[in-house]
Amino acid sequence: MNLLDAHLVPAVDGVAYGLLLFVVAAGLSLAFGTAGVLNLSHGTLYAIGAYTGAELSDGTWGGLAVGLAAGTAAAAAAGAGLSAATIPLARRGHLAQALLTFGLALIGGNLLIEFFGADELPVRVPEVLDSSVTLLGHRYPAYRLCFILMAVLLAAFGTWVLTRTRVGAAVRASADDPQMLATTGHSPRAVHTGVLAAAGALAGAAGVLGAPIIGPGAGTADTVLMLSLVVVVLGGLRSLWTTLFAAIAVGEVQTLGVSLAPDLAPYLLFAAMAAVLILRSQFTEPATAGHGGGGGGSDPVEWLRRRLSASFKGRSFTGRGAGKVPGGPAAAGREGPVRARSGGPLSRLLRGGPDDSSLASRGRRAAPLLVLLVVLIALPTLLDAYSISLAGSALALGLLAVSVTILTGYAGLPTLGQTAPFAVGAYATANLADAGWTVGPVQIVVAAIAAALFSVVTGPAVIRARGTTVLMITLAIGELASAAINQLKSVTGGADGLVGFPPTQALWGGEGMIDESEVYNYALAVGVVAVVITLIVLRSPAGKLLTGSRNAEARMRASGHPVGRYLFVAHIGAGALAGVGGSLMVTVQQYLSPADVGFEIAAFALLAAVIGGSTSVIGALLGAGLIVFTRDWVASSWPGHGPLLLGALFVAAVYLLPRGLAGLRLGLGSGGSGSGGRGADRADGPPPPDHDSVPAGKVTP
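Throughout this description, residue numbers start from 1 for each chain and increase along the sequence as written. Where totals are concerned, whole chains, interfaces and linings use all residues; where local detail is concerned, this predicted model gives features only for residues with pLDDT of at least 70, and gives and counts side-chain atom pairs only at 80 or more. Think of the side-chain values as coming from all heavy atoms in the structure, minus any hydrogens and water.

What follows covers the overall build of the protein. Only DSSP runs of H or I covering at least 4 residues are called helices, and only runs of E covering at least 2 are called strands; the numbering of each starts at the N terminus. Within the protein, the secondary structure is distributed over 28 helices and 4 strands. Relative accessible area decides the class of each residue, using a 1.4 Å probe on protein chains only: under 20% of the type maximum gives buried, over 50% gives exposed, and in between gives partly exposed. Each of the 701 residues in the protein was classed as buried or not, and the buried ones make up 56%. Here the analysis covers contacts within the protein between residues at least 6 apart in sequence; of these, 77% occur between residues at least 24 apart. Counting only carbon and sulfur atoms, one obtains 67% of the accessible surface of the protein, whose full area is about 28600 Å². Between two residues, a contact is recorded if the distance between any of their heavy atoms is within 4.5 Å. Here, Shrake-Rupley sampling with a 1.4 Å probe gives the accessible areas, and only protein chains in the shown set may cover a residue.

Let us now look at the packing of helix 4 (residues 93-116) against helix 25 (residues 599-612). One can describe the packing of helix 4 onto helix 25 by two numbers: an axis separation of 11 Å at closest approach and a directional angle of 125°. In terms of axis orientation, helix 4 runs oblique to helix 25. The handedness of the crossing between helix 4 and helix 25 is left-handed. Of helix 25, the residues touching helix 4 (which contributes Leu 95, Leu 99, Phe 102 and Leu 106) are Phe 599, Glu 600, Ala 603, Phe 604, Leu 606, Leu 607 and Val 610. In the scheme used here, Gly and all other residues not listed as nonpolar or charged are polar, with Ala, Val, Leu, Ile, Met, Phe, Trp, Tyr, Cys and Pro taken as nonpolar and Asp, Glu, Lys and Arg as charged. Counted by class, the contact of helix 4 with helix 25 contains 10 nonpolar, no polar and 1 charged residues. Helix axes are fitted only over the stretch in contact, all axes being lines through C-alpha atoms; the angle between N-to-C directions runs from 0 to 180 degrees. Any angle that is under 35 degrees is reported as roughly parallel, and any over 145 degrees as roughly antiparallel; angles of 65 to 115 degrees are reported as roughly perpendicular and all others as oblique. Less than a right angle of anticlockwise turn of the near helix away from the far helix marks a crossing as left-handed, whereas a clockwise turn marks it as right-handed.

This part is about the packing of aromatic side chains. Only rings of Phe, Tyr and Trp enter the pairing, Trp through its six-membered ring, and a pair is recorded when the two centres are within 6.5 Å. The plane angle decides the type: under 30 degrees is stacked, over 60 is edge-to-face, the rest tilted. Inspection of the entire model under this criterion finds 7 aromatic pairs. Between Phe 629 and Trp 633, the ring centres sit 5.2 Å apart and the planes meet at 15°, which makes this aromatic pair stacked. Of this pair, Phe 629 and Trp 633 both sit in helix 26 (residues 617-634), 4 residues apart, roughly one helical turn. With a relative accessible area of 44%, Trp 633 lands in the partly exposed category. An aromatic cluster is present here, built from Phe 102, Phe 599, Phe 604 and Phe 650 joined pairwise through their rings.

So, on to the pattern of salt bridges. For this analysis, a salt bridge means a side-chain nitrogen from Lys or Arg found within 4 Å of a carboxyl oxygen belonging to Asp or Glu. This model, assessed by the stated rule, comprises 4 salt bridges. The salt bridge involving Arg 557 is made with Glu 553; its shortest N-O contact spans 3.0 Å. With Arg 557 and Glu 553 both in helix 23 (residues 553-558) and 4 residues apart, the pair spans about one turn of that helix. Classification of Glu 553 as buried rests on a relative accessible area of 2%.

Structure (structure tokens):
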């Protein structure tokens with residue numbers, strides 16, 4: 001009884017918190033499950049309602065009603081606008097949608113702070129609700145009990161609308177068969193707009209009613225988004241009631257779990273999210289659910305049937321040339337071996353190729369790389385100390401972006417979790433320096449090994465999933481790493497980070513590098529070595545096997561290739577490269593904080609890969625430079641608007657560079673055909689990451 005008394009209030013708080021998350025997650029589930037939009041700006045829709053409701057609240061019922069109406073309408077209008085923004089991306093998959101909506105979230109969050117201020121707004125509720133009642137001998141806020149009742153009624157009403165009304169039937173039909181819906185006289189586009197407007201209305205209403213629970217503030221949108229994603233993943237997209245139960249479970253972890261097991265609670269949510277996604281992916285055949293096809297099912301019998309079917313089909317052509325890799329860079333319907341000796345200009349320059357007619361032609365293909373290298377070498381003589389430091393930071397972020405390119409563009413595993421091995425390398429370097437190991441090559445090697453070992457542990461959870469599922473798994477891994485960083489204060493310094501460790505020595509016996517030019521030249525040397533090794537590997541037969549694994553996974557598996565092993569090795573290599581980038585970041589900055597390895601950095605790295613092009617290593621470096629230039633240099637001339645500028649960069653990249661800088665150069669150089677316009681470091685390989693082979697439609701994460 002004493003235990004019940006001690007934890008009764010947190011338990012009821014968990015129910016209220018969970019029901020608030022349910023209302024938000026119901027909108028997110030509706031947008032993703034029926035409209036096919038992976039909306040990373042959903043937390044911003046909640047913030048719109050919360051800020052509006054708080055601003056209009058005056059402690060009266062009229063103020064609450066006006067705030068509820070205005071906040072719901074504003075968020076619904078934003079949802080309708082989101083529909084117009086995402087419709088052009090319907091055929092480009094969920095990765096483009098994720099980047100676009102994340103950019104819109106940055107823009108919206110900055111505008112909200114500009115309009116309402118950065119401080120958390122007070123919320124005034126009607127006097128009768130601004131009191132407490134007796135609950136089993138304990139005093140409890142009346143408003144939260146009222147909110148619990150309203151959320152339960154909303155769940156019942158939403159289920160009734162979706163299952164018992166014509167509107168619900170049209171919504172379900174738009175998800176299952178839009179063409180059939182069109183034959184009945186309904187416009188799929190109008191239904192799509194209505195669904196996203198309804199999702200926005202739910203988020204806005206939750207923001208108004210939930211402002212006394214999760215108040216409007218600078219970090220509100222991110223918190224609500226992450227928790228809502230966990231709820232949607234745990235509850236699935238099949239039923240609002242399963243979403244409701246998942247939301248209550250998350251709410252209990254956030255309140256009761258913190259009071260019972262404060263050390264474990266930060267890990268429980270994202271660990272559960274990752275576990276559910278991994279278990280679901282085990283019943284999905286990667287060869288059919290992933291790189292080249294649509295979403296797979298979760299029926300074990302169907303999974304076994306596909307495995308047997310693929311096995312028997314493989315016998316028809318594995319008798320000849322089983323070691324050849326079918327598919328290659330061609331479209332999925334074409335068969336043929338991947339050419340082990342074809343590649344980008346750097347690989348031809350290093351070892352020649354069948355289409356190299358002269359040394360001059362090889363030089364012309366390598367010219368962009370050489371020009372870029374010359375510019376990078378000359379930067380210390382052209383820039384001031386601060387700008388040189390930014391260039392070093394861009395090199396560190398660039399290596400992280402290259403690791404994302406390897407996984408997203410070559411292996412077909414879109415990732416939001418590469419900041420985890422990046423953080424491992426960064427903290428390994430900082431702790432080595434603090435212990436007196438300041439020699440640069442030692443730090444680089446140790447960081448790469450530590451990050452590679454981390455990738456060995458996480459790789460099996462990642463490589464079996466495909467499309468949106470792998471995006472969510474890697475997101476969970478990144479969030480688990482962030483939770484560990486905040487908890488392991490003896491190693492990471494917690495929220496305060498690490499600072500004050502000795503500077504790095506370029507070589508044994510040298511002095512610590514303090515001058516920005518010295519640090520930059522060291523970072524450039526390490527970056528050049530890392531990029532050259534990466535390009536050589538990607539242009540080798542091993543790289544061609546990885547390309548084939550994305551483009552023709554089913555045929556590769558049928559011909560006996562261990563695709564899982566290829567992806568696992570690629571995941572480890574990309575992790576080691578990210579670790580090197582983390583080590584460089586510590587060397588350049590001379591401090592390390594959780595914000596340097598958080599979700600925002602993961603999104604920046606993915607954007608850099610998209611800006612560069614799916615398989616353009618040099619393009620990823622240029623994309624990272626553009627992001628750092630926008631975030632730290634341009635934004636310095638417009639203080640307080642860095643997120644707005646970065647959000648605009650996200651939106652512009654998604655719309656204007658669907659194939660990245662490499663695709664832009666391809667079109668300019670060859671008129672859209674042929675090999676002569678190939679990017680300077682681009683492989684004959686997969687399509688850009690926007691085309692993530694996952695159709696925009698109903699997808700269960």
